[in-house]
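Each chain, written out:
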Amino acid sequence: MEHILIKVYGSISNASPELYAAALEMVQEQNEDAVELDGTFFTISFEGIYFMMNEFIAAIKPHLTNDCTGRIDYIDVDEWSLTRFWIEGGLITQNTADLNHVMDHSGH
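Predicted model, so just to flag it, every value in this text is computed and none were measured.

### Some details on a negative patch on the surface
Then, number 1: A surface patch of negative charge is lined by E32, D33, E36 and D38.
Then, number 2: Structurally, the position occupied by D33 is in the loop between α1 (17-31) and β2 (35-38).

Quick look at the structure:
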């Protein structure tokens, strides 16, 4: 049984097929079912032992438009942290918080 260390969940509205293709290329060796595009609504749902988050963000960033909005959460169980990537207006910002205090820092 695989021990889950990393969880990545999120969505982006107004995503393009090019964004989806870039995301799919990044995850296809680990789990190509982790990403989906329904019209212009992109989702990612991944659980595993490793995920190249910085490379994933770099891959989708060129395909973000001013109309794209969303967020992607990167949960590192080993480090006990959540990094939230906010996507709006073609930009990505991020914030990391300890999982014990995630509600204080996540905007909920």
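### What about the packing of aromatic side chains?
Then, number 1: Tallied over the entire structure, the rule returns two aromatic pairs.
Then, number 2: Note on F46 and F51: the rings are 4.9 Å apart at their centroids and 45 degrees apart in plane angle, and the pair reads as tilted. For the pair F46 and F51, a shared accessibility class is recorded, and that class is buried.
Then, number 3: What links up through ring pairs into an aromatic cluster is the set F46, F51 and F56.

### Focus: the sheet that holds strand β3 (residues 41-48)
Then, number 1: Overall, antiparallel pairing links the six strands, which are arranged β2-β3-β1-β4-β5-β6 in an open sheet. Only two strands of the sheet have a single neighbouring strand rather than two, namely β2 and β6 (91-98). Strand-to-strand twist across the sheet, computed as the mean angle between neighbouring axes with direction ignored, equals 10 degrees.
Then, number 2: Sheet topology note: the β2/β3 ladder contains four bridges and is antiparallel. Following the sheet pairing, D38 is matched in β3 by F41.
Then, number 3: Of the strands in this sheet, β1 (6-13), β3, β4 (69-76), β5 (81-88) and β6 touch helix α2 (residues 53-60), which is tilted by about 165 degrees from β4.

### Looking at the nonpolar core
Then, number 1: With 24 residues, the main nonpolar core has V8, I12, F42, F51, M53, F56 and I72 as its most contacted residues.
Then, number 2: Among the elements of the structure, β1, α1, β3, α2, β4 and β5 are those that each provide at least two residues to this core.
Then, number 3: The dominant element in this core, judged by the number of residues it contributes, is α2, at four residues.
Then, number 4: Not counting the four nearest positions on each side in its chain, F51 is found in contact with I6, V8, V27, Q30, I44, F46, F56 and Y74.

Criteria and thresholds
- Residues numbered from 1 in each chain as written.
- Predicted model: local features only at pLDDT ≥ 70, side-chain atom pairs only at ≥ 80, totals over all residues.
- Heavy atoms only, no water.
- Patch = residues over 30% accessible without salt bridge, like charges linked within 9 Å, V, L, I, M, F, W, Y side chains within 5 Å.
- Areas by Shrake-Rupley, 256 points an atom, 1.4 Å probe, with all protein chains shown as cover.
- Salt bridge = Lys/Arg side-chain N within 4 Å of Asp/Glu carboxyl O.
- Lys, Arg positive; Asp, Glu negative; His and termini not counted.
- Charge placed at Lys NZ, Arg CZ, Asp CG, Glu CD.
- Helix = DSSP H or I, 4+ residues; strand = E, 2+ residues; numbered from the N terminus.
- Phe/Tyr/Trp six-rings, centres within 6.5 Å; stacked < 30°, edge-to-face > 60°.
- Buried < 20%, exposed > 50% of the residue type's maximum accessible area, 1.4 Å probe, protein only.
- Pairing = 2+ DSSP bridges.
- Axes fitted to C-alpha atoms, helices over the stretch in contact; angles between N-to-C directions.
- Contact = heavy atoms within 4.5 Å.
- Core = buried A, V, L, I, M, F, W, Y, C linked by side-chain atoms within 4.5 Å.

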